[in-house]
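# Results of the structural survey
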Amino acid sequence: QVQLAVSGGGLVQPGGSLRLSCVASGSIGSINVIGWYRQAPGKQRELVAGITRGRRTNYADTLKGRFTITRGNAENTVAMQMNSLKLEDTAVYYCAADRYALGTSSSVDYWGQGTQVTVSS
C-alpha cells in the first residue's frame with residue numbers, strides 16, 4: 001500500500017501562484033508515476049500533470065507553460081508549481097500515484113486527499 005500526503009492549496013487572486021506538495025510513503029518502490037488530478041464542481045476529474053521515476057513529465061495541453069511538476073531528490077516527493085492562475089483553475093486537486101501510468105481517473109492505483117484551490121478576486 002501507498003499513502004499520499006498532500007499540502008498546499010488555498011485562495012489566490014487571478015494571476016497569482018500556488019504550490020502543491022505530495023509526499024508518498026509505504027511501498028513506494030512499486031510506484032512509477034506520481035501526479036495531480038483536479039475536479040471542478042459538476043465536472044469530471046481530469047489529469048493535470050504527472051512525473052515518472054525517470055522524471056519524464058506530461059501535462060494537460062491547456063496547462064502547459066503555467067504549471068510545472070517536479071520530483072525531489074527523494075523519490076517520494078513531488079511538487080507542482082502553479083503560476084498565472086485563472087478562475088477556471090478553481091478545483092479540488094488530488095495527488096495520485098500509479099505503478100505504470102496516469103490515465104483515466106478510474107484506473108489510478110492510489111489517491112491522496114484532495115486540497116482546495118480557489119482562484120477568485
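Residues numbered from 1 in each chain as written. Predicted model: local features only at pLDDT ≥ 70, side-chain atom pairs only at ≥ 80, totals over all residues. Heavy atoms only, no water.

### A word on the pattern of salt bridges
Under the defined criterion, the tally for this structure stands at 4 salt bridges. In this structure, Arg 66 engages Asp 89 in a salt bridge whose closest nitrogen and oxygen atoms are separated by 2.7 Å. Here the residue Arg 66 occupies a position in the loop between strand 6 (57–59) and strand 7 (67–71), and Asp 89 occupies one in the loop between strand 8 (77–82) and strand 9 (91–98), the gap between them amounting to 23 residues. Summarising the burial analysis for this pair, Arg 66 and Asp 89 share the class buried. Linked by salt bridges that have partners in common, Arg 38, Glu 46, Arg 66 and Asp 89 make up one network. (Salt bridge = Lys/Arg side-chain N within 4 Å of Asp/Glu carboxyl O. Helix = DSSP H or I, 4+ residues; strand = E, 2+ residues; numbered from the N terminus. Buried < 20%, exposed > 50% of the residue type's maximum accessible area, 1.4 Å probe, protein only.)

### Some points on the nonpolar core
Formed by 31 residues in total, the largest nonpolar core has its most connected members in Trp 36, Met 80, Met 82 and Tyr 93. When residues no more than four places from it in sequence are discounted, the contact partners of Met 82 are Gly 16, Ser 17, Leu 18, Leu 20, Arg 66, Phe 67, Tyr 93 and Val 117. (Core = buried A, V, L, I, M, F, W, Y, C linked by side-chain atoms within 4.5 Å. Contact = heavy atoms within 4.5 Å.)

### Concerning the environment of Leu 47
Among the secondary structure elements, Leu 47 is positioned in strand 5 (residues 46–52). Counting along the chain gives 46 residues from Leu 47 to Tyr 93, while the straight-line C-alpha distance between them is 9.7 Å. Those residues within four positions of Leu 47 in sequence are excluded, and the remaining contacts are Trp 36, Tyr 37, Asn 58, Ala 60 and Leu 102.

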